[in-house]
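# Analysis of the macromolecular model
So the chains spell out like this:
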Amino acid sequence: LQQNNAQATFFVLGLHVERYPALIKDIQNHGHEIGSHGFSHNIKKYNDAKFARSDVQQSLEVIALSTGVRPHLLRPPGGFLSRDLVKYCQEEKLTIISWTWKADYKDWKATNSSLLAQQIVAGVEPGQIILLHDGGENRQVMINALSRALPELSELGYRCVTVSELLALKNK
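About the criteria used
Sequence positions are assigned chain by chain, starting from 1 and proceeding in written order. Only residues with pLDDT of at least 70 get local features here, since the model is predicted, and only at 80 or more are side-chain atom pairs given and counted; chain-wide, interface and lining totals rely on the full set of residues. For the side-chain quantities, the full set of heavy atoms in the structure was used; hydrogens and water were omitted. Take the buried Ala, Val, Leu, Ile, Met, Phe, Trp, Tyr and Cys residues and link them wherever side-chain atoms come within 4.5 Å; each set so joined is a nonpolar core. Relative accessible area decides the class of each residue, using a 1.4 Å probe on protein chains only: under 20% of the type maximum gives buried, over 50% gives exposed, and in between gives partly exposed. Numbering goes from the N terminus for both helices and strands, where a helix is a DSSP run of H or I of at least four residues and a strand is a run of E of at least two. Residues count as neighbours in contact if any of their non-hydrogen atoms are within 4.5 Å of one another. One less than the residue count of a helix, multiplied by 1.5 Å, gives the span that helix is expected to have. A side-chain nitrogen of Lys or Arg and a carboxyl oxygen of Asp or Glu constitute a salt bridge if their distance falls within 4 Å.

## Focus on the nonpolar core
In this structure, Leu116, Ile120, Ala149, Leu150 and Leu153 are the most contacted members of the largest nonpolar core, which totals 14 residues. Of all the secondary structure elements, the ones that give two or more residues to this core are α5 (113-123) and α6 (139-155). Among the elements that take part in this core, α6 stands out by supplying 7 residues, more than any other. When near neighbours in sequence (up to four residues on either side) are disregarded, Ala149 contacts Ala117, Ile120 and Val121.

In structure tokens form, the structure reads like this:
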């Protein structure tokens, strides 16, 4: 990202923030945005409204403690939404973020970085949120794909920005 002047929003799990606080702070210090992805990524338990609220709240607290900034964006694990979670997010002034459905390249299971880079470049559209993960079978595949895709996107006139910046542009 840094080599290509690209900014991103990292939707982090609270349990990883607890485990790697220096990494989260480093991400923030490089100008990237930190959003919540819940605490545990226990998607199946998000059907329980009390659990979902608690999981999100716990993540907000851990992230704020680590970064000094309370996140205002939530990307629910697995994109799970319920009326209760939406209501909770409204009460907490959290903006729910999803990704552009066709821009989910399942990078967490990708094995070919060239193919992943081609998919990203071929599928991109203005205003799109591209979903990428820091986990999966082989993280290096995603890193290599980004190293290939970001210069191509730049040549095509695209600029990678944080979700908050994208939302501000949308409102203009």
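Picking up after the structure, the text goes on.
## Remarks on α6
Compared with an ideal rise of 1.5 Å per residue, which puts 17 residues at 24 Å, α6 spans 25 Å between its outermost C-alpha atoms and is within 8% of the ideal. Along α6, the positions that sit buried rather than exposed are Val141, Met142, Ala145, Leu146, Ala149, Leu150 and Leu153. The inward-facing, buried residues of α6 contact α5. Gly157 lies just past α6 and shows a positive phi near 95 degrees.

## Concerning the pattern of salt bridges
Throughout the structure, instances matching the rule amount to 4 salt bridges. In this structure, Glu91 engages Arg53 in a salt bridge whose closest nitrogen and oxygen atoms are separated by 3.4 Å. Linking Glu91 in helix α4 (residues 83-91) with Arg53 in helix α3 (residues 49-67), this pair joins segments that are 38 residues apart in sequence. For Arg159, the salt bridge goes to Glu165, with nearest N and O atoms at 3.0 Å. A network of salt bridges, in which partner residues are shared, links Arg53, Asp84 and Glu91.

## Thoughts on the environment of Thr100
Take Thr100: it is sitting in the loop between β4 (95-96) and α5. Considered as a pair, Thr100 and Val124 are 24 residues apart in the sequence and their alpha carbons are 9.6 Å apart. Excluding anything up to four places from it in sequence, Thr100 contacts Gln128 and Ile129.

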